[in-house]
Structures are given as structure tokens and as C-alpha cells.
Amino acid sequence: MSLKEKDLEIYQIIENERIRQKYNIELIASENYASEEVREAQGSIFTNKYAEGYPHKRYYGGCENADALEELAINRCCKLFNVKYANVQAHSGSQANMAAYRAIIPYGAKVMGMALDQGGHLTHGSKVSFSGKDYEFMPYYVSKETEEIDYDALEAQALEFKPALIVAGASAYSRKIDFKRIKDICDKVGCLFMVDMAHIAGLVAAGLHQNPCDYADIVTSTTHKTLRGPRGGIILTNNEEIAKKVNKAIFPACQGGPLLHVIAAKAVCFKEAMSDEFKEYQKQLVKNCAYLCDLLKNKGYVIVSGGTDNHLFTINVKKSLGITGDVAEKTLDKVGITCNKNTVPYDTEKPGITSGIRVGTAAVTTRGFKEKEIELLANFMDDALRHYDDDAYLEKLHEEEKRFMEKY
Ligand SMILES: Cc1ncc(COP(=O)(O)O)c(C=O)c1O
């Protein structure tokens, strides 16, 4: 019997979501469309299996296929990121970060991470996350003038604060991050270096961004953003001692049994990410992002830091049009364009309102968008945002948007 016949309510909600994903233009920078093969692996019978522990050291019987699966996932992951050790069990990016901290620093240790309102992630020291409660975090900032990471200020701050760890990586930072520069700062301070490459993992895999594994003591990532895999986390390192501690920090410290079906999907994603097709996708994704950013700039929009080097950028809609990020997000939603409100550096609006919106091109590039579609998208966005208070106009635009997306 199919799900439709057995549980119509859930079937219908999934179907509604399928239609939403088909017709909406997805600009949320952390989202993507995983391949059918990734979803087939994730929907596999491995969901039935418990396998606490690691390959050949399990706390359950019947793990021979689980061992083969996890070993293959680890090997592919190591090859993809050119790193010696990988833990592929983290259920999410946040849990990968939790385990990474646990593995390398004691409770209460001093850590520096990028300020949340400037692009950092909740798990990089926010008071509402475990990170800000369990460790003494000090934020570092972008320059007020350039809105790019101020490496000199970071160095001065680190020399004074003397952290045990500096965390690099962000959820809304559109510029390349100079991992080598931060590693040099860590060496001067005598502290450890962690990179959370969740957003840029796909670019790193395709060789379009410095590989943090060459510089950091420990690297974490999600697998579902630019990497285009299933929802989940990974932890990488070249240091054998750290690798052992990471494994203990994931299981039994932070998690129970691994999600083997998700590990199967991660393995499929790692193989996909080694292909030439994936490299071409990443190149197009970055090209699309730069083009969309330029087109909007030419229409008068103010972009945080003036541009982008990666898959995302933040539009300061308050400076551009005098509206808040919240209004901009809701306006675009009305015409079928999905994005999220986002703080801009030194924002004066509350996090629930914000002065900006974050825009990413990973998902639309998967849908096949190239220059022609990006031009249409820029026009749609501009047209909608300038008519934010005209619902009848927005409704007409939405009909046009749906007709446009029918083809992709
Ligand atoms: C930089 C960064 N790290 C970690 C995470 C957390 O990942 P998850 O939502 O899988 O916990 C995110 C999610 O957006 C992120 O942007």
C-alpha cells in the first residue's frame, strides 16, 4: 500500500510541499535540492538499523553492512576534502559543532567567533545556544567601512583576549575567508583553529575556495547546503589525536546511534561532489550569484560589503528602499520568491525585523538557472520590492512567476 492510501493527511502535506518547492524560486542560501539518488539512499531500509559505535567496533550485532557503508562514506569524504580523518555521524551542523568543541576545549574555555549579527552562526557563541552558555565567547567583527572581516582588529583582539580557540566560518558572509591569515593569528596567540565551512563546503569541494582542512585543527560542515547532500553534519581533521577525541565526542558524548540512512545519502553526495558535473554546477552557482548581485546593484540596491565572492550576499533593503528585511521577505514571499530576512553589520533593527535579506543562488542553479533566468529574477525581485505595498500588483506578479517556474 502506498502512503497516499495509508495516510492521506501526511501524503497531502508532502504533496503540498512538493508543489511549493516546484513553483517557488528558492533563494534561501542554506537550501538546495538533493538529487533523487541522495533521496533514494536517505529513504532506504538503513533507517531500520541501530549501529552505535564505529565500523568494526559496534554495540549491536548485524552491523556488517553498516560497517561497509560508513567506511565507504568516510573514505569518500576524506578523498573529497583531501583530509586524513572524517566523522560522518553528526546528525546536524549544530551537533557537529557541539562535538568539535567538546573534543578540543574544556568547558568554560575562551573562544572567539564571528558576531552573529555580522554573519556568524548561533553555535559560534550566541547566548541562546549551548555554545554561548558552555564557553566564554568573544565575538569578532567586520570593518564598519568595508563590511569585510577586519583581520588586523581580530589579531589585536585575540592577542589581548588569549582564546583557546578561534572559530572561522559564517552563515551570511559573502566574501572569501582568508583561513591562512586566521591560522597565522592562531599561531601567534598559541590557540587552536576551527573552521565551520557549512555554507561553502560545495565551493571547497570544487576547488573554488581555500580548503580549510589545509589550515585548521578541526573543520565542521553541514552536508545539505552548497554540498547538496542530505541534512546532516561532518567533522574533519588531519590530527589523529583530535580524530579520536571527535569520535568519542560524537558517540557516546553527544549522540546515540548514527542515522545510517543519512550516512548512505552523505556517501552518495560525496561521490556526486567529486564529479566534473558538480564542479561545473559550483562554477555556475558562483557566476549566477555575482551576476544577480551586479544586476541588483545597477538597479540601486545596497549590498553588504559591496559584492560577493561566493554563493550568497545580503541586500541592505533599509538603505536601498527604506523598508525592513521583514517587509522585504514577506513581499518576495507574496510573489513566490523565498528568502530570509537577515541582519546587516551593526544593524539597528531587532533580529526579528532586520535591515536586510540574505540571497543565495545554490538552489536556483540546481534548477537550471543561468544568465538569462538570473536577469528575469533580478527584474522580478526589483519589481516586487518596489511594489511592496500593492497587493493586487504582487498577485499579478506571482501568477507570472508561477508560469515562469513551470519550465524548470
Ligand atoms: C555556518 C553554519 N554552521 C552550522 C549550521 C547548523 O546546521 P544545522 O541546521 O544542520 O544544525 C548552520 C546552519 O544554518 C550554519 O550556517
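Residues numbered from 1 in each chain as written. Predicted model: local features only at pLDDT ≥ 70, side-chain atom pairs only at ≥ 80, totals over all residues. Heavy atoms only, no water.

Engineer: Teacher, can you tell me more about the site of the ligand here?
Structural biologist: Lining the immediate surroundings of the ligand are 13 residues, of which G93, S94, S171, D196 and K225 lie closest. Here an oxygen atom of the ligand and a side-chain polar atom of S94 are 2.7 Å apart. Within the side chain of K225, a nitrogen or oxygen atom sits 3.3 Å from an oxygen atom of the ligand. Look at the ligand: alone it shows 400 Å² of surface, and the protein chains cover 83% of it. Per-element accounting of the shell around the ligand gives the leading share, three residues, to helix α5 (residues 93-104). (Near = heavy atom within 4 Å. Polar contact = N/O pair within 3.5 Å; in protein donor to acceptor, adjacent residues only side chain to side chain. Areas by Shrake-Rupley, 256 points an atom, 1.4 Å probe, with all protein chains shown as cover. Helix = DSSP H or I, 4+ residues; strand = E, 2+ residues; numbered from the N terminus.)

Engineer: How should I be thinking about the packing of helix α12 (residues 276-298) against helix α16 (residues 371-386) in this particular structure?
Structural biologist: Pairs of packed helices are described in terms of their axes, by the angle between the two and the distance that separates them. With their axes 9 Å apart at the nearest point, α12 and α16 run at an angle of 40° to one another. In this structure, the crossing between α12 and α16 has a hand that is right-handed. The segment α12 lies against α16, with Q284, K287, N288, Y291, L292, L295 and L296 engaging E371, I374, E375, L377, A378 and M381. For the contact of α12 with α16, a count of residues per class yields eight nonpolar, two polar and three charged. (Axes fitted to C-alpha atoms, helices over the stretch in contact; angles between N-to-C directions. Left-handed = near helix turned anticlockwise from the far one by under 90°. Contact = heavy atoms within 4.5 Å. Nonpolar A, V, L, I, M, F, W, Y, C, P; charged D, E, K, R; others polar.)

Engineer: What's the story with helix α4 (residues 64-81) in this structure? I'm lost.
Structural biologist: Structural remark: α-helix, 3.6 residues per turn; residues separated by three or four positions point the same way. Helix length check: α4, at 18 residues, gives a terminal C-alpha distance of 26 Å against a target of 26 Å (1.5 Å per residue), a fit within 8%. Along α4, the residues that are buried comprise A66, D67, L69, E70, A73, I74, R76, C77, C78, L80 and F81. Close packing links the buried residues of α4 with β2 (53-54), β3 (57-58), β4 (85-87), α9 (201-205), β10 (233-237) and α11 (260-273). Looking one or two places after α4, you find N82, whose phi comes out positive at around 50°. (Expected span 1.5 Å × (residues − 1). Buried < 20%, exposed > 50% of the residue type's maximum accessible area, 1.4 Å probe, protein only.)

Engineer: In this structure, what is going on with the side chain of D217? I would like to understand it.
Structural biologist: Summarising the element assignment, D217 is placed in the loop between α9 and β9 (218-222). Among buried Asp, Glu, Lys and Arg side chains, D217 stands out as unpaired, with K183 the closest opposite charge at 4.7 Å. Sequence-distant contacts of D217, that is, excluding residues within four places in its chain, are made with L192, F193, L236, T237 and I242. (Lys, Arg positive; Asp, Glu negative; His and termini not counted. Salt bridge = Lys/Arg side-chain N within 4 Å of Asp/Glu carboxyl O.)

Engineer: Sorry, what's going on with unusual backbone geometry here?
Structural biologist: One can expect most non-glycine residues to show negative phi and most peptide bonds to be in trans. The linkage connecting F251 with the following residue, P252, adopts the cis geometry, with an omega of 15°. Looking at where P252 falls in the secondary structure, it is placed in helix α10 (residues 240-254). Phi is positive for N82, which is not a glycine, with a value near 50°. By the secondary structure assignment, N82 is in the loop between α4 and β4.

Engineer: For this particular structure, what's the right way to read the pairing of strand β5 (residues 110-114)?
Structural biologist: Each regular strand displays side chains that alternate between the two surfaces of the sheet. Within β5, four of the five residues are buried, which leaves it mostly tucked inside the rest of the structure. Where β5 meets strand β6 (residues 136-140), five bridges bridge the pair, whose relative direction is parallel. Opposite M112, over in β6, you have M138 as the bridge partner. (Pairing = 2+ DSSP bridges.)

Engineer: What's the story with the domain arrangement of the protein in this structure? I'm lost.
Structural biologist: Interface size is often expressed as the accessible area that is lost when the parts come together. Partitioning the protein into structural domains gives domain 1 (39-273) and domain 2 (276-405). Just the C-alpha atoms count here: the centres of domain 1 and domain 2 sit 28 Å apart. With 27 residues of domain 1 at the interface, the matching set in domain 2 holds 28 residues. For the pair domain 1 and domain 2, the summed buried area comes to about 2300 Å², and 55% of that belongs to carbon and sulfur atoms. (Domains from an automatic or database assignment. Buried area = accessible area lost by both parts, 1.4 Å probe.)

Engineer: In this structure, what is going on with the nonpolar core? I would like to understand it.
Structural biologist: Nonpolar side chains in soluble globular proteins tend to be buried together. Membership of the largest hydrophobic core comes to 62 residues, with the highest contact counts inside it found for F81, I166, I182, M197, L227 and L236. Taken domain by domain, this core gets at least three of its residues from each of domain 1 (39-273) and domain 2 (276-405). Not counting residues up to four positions away in its chain, the partners in contact with L227 are L80, F81, A201, G202, A205, T222, C269, F270, A273 and F278. If you look at the next biggest cluster of nonpolar residues, it comprises 33 residues, including L27, C339, A384 and L397. (Core = buried A, V, L, I, M, F, W, Y, C linked by side-chain atoms within 4.5 Å.)

Engineer: I'm lost on the pattern of salt bridges in this one. Help?
Structural biologist: Where charged atoms from two side chains of opposite charge come close, those side chains can pair. This model, assessed by the stated rule, comprises 22 salt bridges. With a closest N to O distance of 3.1 Å, D187 and K183 form a salt bridge. Remark: K183 and D187 occur in helix α8 (residues 179-189); sequence separation between them is four residues, near one turn of the helix. E329 is paired through a salt bridge with K341; the nearest N and O atoms lie 3.7 Å apart. Here E329 is found in helix α14 (residues 325-334), whereas its partner K341 is found in strand β14 (residues 340-342), with 12 residues between them in sequence. By relative accessible area, which is 24% here, K341 ends up partly exposed. Overlapping salt bridges, with partners in common, bring together D152, E155, R181 and K188 in one network.

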